[in-house]
Amino acid sequence: MDVTKSYSAVTLAERIRRREFTAQSVVESVLQNIDRYNSHYVCFTRVFSEQALADAKEIDRRIQSGSDPGVFAGVPFGAKDLFDIAGYPTTAGSRIRSNVYPAKQDAEAVARLKRAGAILIGTLNMDEFAYGFATVNPHFGTTKNPHDLKRLAGGSSGGSAAAVASGLVPISLGSDTNGSLRVPASLCGVWSIRPADSAIPMDGVFPFVEILDTVGPFARNVADLVNAYEILAGSKLRRVDQAPRITRLGGWFVRNASSDALQAVDTVMNHLGATTTVELIEAEAARSASFLITAAQGGALHFDSLKKQAMGYDPAVRDRLLAGNLLPVGTYLKALAFRKSFRKRVNELLQRYDVLIAAATPVVAPEIDQATMMIDGRPAPARANLGLYTQPLSLAGIPVVSAPLNRPNELPIGLQFATAPGREKMVFEMLAKLEYDGVLKSNPPPDCLAG
Amino acid sequence: MQSKKSPIQFDVAKLLDIDFPDECLPGIEANLQLLQYHARILDAYIARLNTAALATRVP
């Protein structure tokens, strides 16, 4: 039996604790599946077989001796290749970092999952230096969408999303600067959460844009997502005893939406009996500010490295970073000033509403070679515009859950549920009800080796 | 023979002091145009905001 496809992380851990399975047998099954499927999906960039088996044996030993290894006892997971893993270089998806000094210790997020009993299997593919929405990586390959191998998995945490969607592992870690958790979650049909600023520690994570960077988990159901989030955040979520005040975001968040995206929001709103729409008139400017801050800060971060080895970069990333270094400082400062006022405006909106709903991506997964999509009636680069609806909310610094609409046998599409810091539990409870009612669901992809 | 230098090539070399071949220039220029597009959107929003703010101050 394919345990990581059949069971949620929480159920798998319960069964391992009850000694119905050994952690070792689970890890062996995962390693076999990676051998079989990874060349098709291109999720894992490195697999730590020996260490994972040793960790699994240790979990089994602890259970046999009567101790409880934690909520995720024996649960296999993968981490985007920008989390430090002790003893290995952190590549951040780049060949130029393949020979840097190995990390001295695990990133704090990785360490927290391990302390909860989870077993690290390997590192996962990404856009180089997290600068992209596609996970098209010239060094490690293009991660394929498990629902259709001809399509993008999204990015930049595409390897992490595809590994969970395909059932190779039940949970994984990714990062989100402009939408790098939410975009691949939407396209691959899995759950994720971009946490509020600083809610999950960034220690040991290769940076991209310091003021926008966050890290978070992927999962295939709400319960796993909540458990992973609480472990990563280091505390249990507080309950808020009030019915959530819900609205959808109109204006920018509807403009350029495909019928799939519009129907996804309609379906959820109808099921919740919610009818209001609010327009965040600053959303377009927020997206632009996010774009500009990313180019400027990302460019500055890589400036010295570009001087030494510009030609070792992914050409697409290199040109973005070089352009970012040419951005006038006045433009960057304007974007920063705008960010401050935008956050105030969003906080005001969150005094009136608890949950803001919008599509996570304007479209389902594009084909890998699809160059353009229609934006405002004109063809525009498809990959860059996958973050159309995630980038404004990144600038707000608020927690945003990405959840898949239940549409079996169709390409997945996800929704964003944004809230104020401290109200995450309220949103998770609402989403658990929507999952229970069959409105939201992570559907398994077809077996790419069948037929 | 002296090669022709586009204005962008001159500026990039001068400002960044980074050595890369000419083939990189179209990519840099395309990205600069994209950044300029976003800068214009931000400027337009700020201008609208300033106009509105000034309007409220008119006696």
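See above for the structure.
As the structure is a prediction and not an experimental result, all values here were calculated from the model. (Residues numbered from 1 in each chain as written. Chains lettered and ligands numbered in written order. Predicted model: local features only at pLDDT ≥ 70, side-chain atom pairs only at ≥ 80, totals over all residues. Heavy atoms only, no water.)

S.K.: What is the right way to look at the overall build of chain B in this model?
M.R.: Secondary structure assignment for chain B yields two helices and zero strands. Within chain B, buried positions represent 31% of all 59 residues. Working note: accessible area of chain B is about 4400 Å², and carbon and sulfur atoms make up 58% of it. (Helix = DSSP H or I, 4+ residues; strand = E, 2+ residues; numbered from the N terminus. Buried < 20%, exposed > 50% of the residue type's maximum accessible area, 1.4 Å probe, protein only. Areas by Shrake-Rupley, 256 points an atom, 1.4 Å probe, with all protein chains shown as cover.)

S.K.: Sorry, what's going on with the overall build of chain A here?
M.R.: Helices and strands together make up the secondary structure of chain A, namely 14 helices and 17 strands. For 451 residues, the compact-globule formula gives about 22 Å, and the C-alpha radius of gyration of chain A, at 21 Å, lands near that figure. Dimensions along the principal axes, computed over C-alpha positions, put chain A at roughly 60 × 55 × 45 Å. Looking at chain A alone, contacts between residues at least 24 apart form 76% of all its contacts between residues at least 6 apart. Of the roughly 16300 Å² that chain A leaves accessible, carbon and sulfur atoms contribute 49%. Side chains of chain A give 48 positive and 44 negative charges; the mean places of these two sets differ by 3 Å. (Rg over C-alpha atoms; globule rule 2.2 N^0.38 Å. Contact = heavy atoms within 4.5 Å. Lys, Arg positive; Asp, Glu negative; His and termini not counted. Charge placed at Lys NZ, Arg CZ, Asp CG, Glu CD.)

S.K.: Would you explain empty space enclosed by the protein in this entry?
M.R.: Residues and elements named next belong to chain A. One pass over the structure, following the stated rule, counts one cavity of 30 Å³ or more. Looking at the largest cavity, its volume works out to about 40 Å³. Lining the largest cavity are Leu 82, Ala 130, Ser 175, Thr 177, Met 202, Val 205, Phe 206, Phe 208, Asp 213 and Thr 214. (1 Å grid on protein atoms, 1.4 Å probe; cavity = no way out; pocket = protein on both sides within 12 Å on 5 of 7 lines; lining within 4 Å. Points joined across faces, edges and corners; volume = space filled by probe spheres on them.)

S.K.: I would appreciate a short explanation of the pairing of strand β13 (residues 355-359) of chain A in the present structure.
M.R.: Looking down a regular strand, the side chains alternate between one sheet face and the other. All names here are of chain A. Burial analysis of β13 places five of its five residues in the buried class, the great majority of the element. Where burial is concerned, the two faces of β13 agree: the one with Val 355, Ile 357 and Ala 359 and the one with Leu 356 and Ala 358 are both buried. By the bridge criterion, three bridges tie strand β11 (residues 246-249) to β13 in an arrangement that is parallel. For Thr 247, the partnering residue across the bridge sits in β13 and is Leu 356. Pairing of β13 with strand β17 (residues 414-418) involves four bridges; the strand directions are antiparallel. Along β17, the bridge assignment pairs Ala 358 with Gln 416. (Pairing = 2+ DSSP bridges.)

S.K.: Sorry if this is basic, but what is going on with the packing of helix α5 (residues 108-115) of chain A against helix α8 (residues 222-233) of chain A here?
M.R.: Each pair of packed helices can be described by the angle between their axes along with the distance between the axes. Residues and elements named next belong to chain A. Two elements in contact, α5 and α8, have axes whose closest approach is 8 Å; the angle formed by their N-to-C orientations is 115 degrees. Seen along the crossing, α5 lies across α8 with a hand that is right-handed. From α5, Ala 109, Arg 112 and Leu 113 reach across to α8, where they touch Ile 231, Leu 232 and Ala 233. Residue composition of the contact of α5 with α8, by class: five nonpolar, no polar and one charged. (Axes fitted to C-alpha atoms, helices over the stretch in contact; angles between N-to-C directions. Left-handed = near helix turned anticlockwise from the far one by under 90°. Nonpolar A, V, L, I, M, F, W, Y, C, P; charged D, E, K, R; others polar.)

S.K.: I keep staring at the environment of Phe 218 of chain A and nothing clicks. Help me out?
M.R.: Counting through the fold element by element, Phe 218 of chain A comes out in strand β10 (residues 214-219). Between the C-alpha atoms of Phe 218 of chain A and Ala 358 of chain A, which are 140 residues apart in sequence, the distance is 19 Å.

S.K.: Before we go on, may I ask you to explain the packing of helix α10 (residues 283-309) of chain A against helix α12 (residues 329-352) of chain A in this structure?
M.R.: Residues and elements named next belong to chain A. In contact at an axis separation of 9 Å, α10 and α12 are set at 130 degrees when each is read in the N-to-C sense. Taken as axis vectors, α10 and α12 run oblique relative to one another. The two elements α10 and α12 meet at a crossing, and its hand is left-handed. Of the residues in α12, those touching α10 at Ala 283, Ala 285, Ala 286, Ala 289, Leu 292, Ile 293, Ala 296 and Gln 297 are Thr 331, Tyr 332, Ala 335, Leu 336, Phe 338, Arg 339 and Phe 342. Residues of the contact of α10 with α12, tallied by class, amount to twelve nonpolar, two polar and one charged. (Parallel < 35°, antiparallel > 145°, perpendicular 65-115°, else oblique.)

S.K.: Quick question: what am I supposed to make of the pattern of salt bridges here?
M.R.: Opposite charge on two side chains lets them pair, provided their charged atoms get close. Residue and element names in this part refer to chain A. A full pass over the atoms with the stated rule returns 27 salt bridges over all chains. Ionic pairing is found between Asp 106 and Lys 114, a salt bridge with its closest N-O pair at 2.8 Å. The class for Asp 106 is buried, based on a relative accessible area of 19%. Its relative accessible area of 29% is what places Lys 114 among the partly exposed residues. Of the charged contacts in the structure, one is a salt bridge between Glu 230 and Lys 236, with a shortest N-O distance of 3.2 Å. For Lys 236, a relative accessible area of 64% translates into the label exposed. Here the residues in one salt-bridge network are Asp 148, Lys 150, Arg 151 and Glu 367, joined through shared partners. (Salt bridge = Lys/Arg side-chain N within 4 Å of Asp/Glu carboxyl O.)

S.K.: What's the story with the environment of Ala 296 of chain A in this structure? I'm lost.
M.R.: Residues and elements named next belong to chain A. Residue position: Ala 296 is located in helix α10. For Ala 296, a relative accessible area of 14% translates into the label buried. C-alpha separation for the pair Ala 296 and Leu 333, spaced 37 residues apart in sequence, amounts to 9.9 Å. Not counting the four nearest positions on each side in its chain, Ala 296 is found in contact with Gly 324, Leu 327 and Tyr 332.

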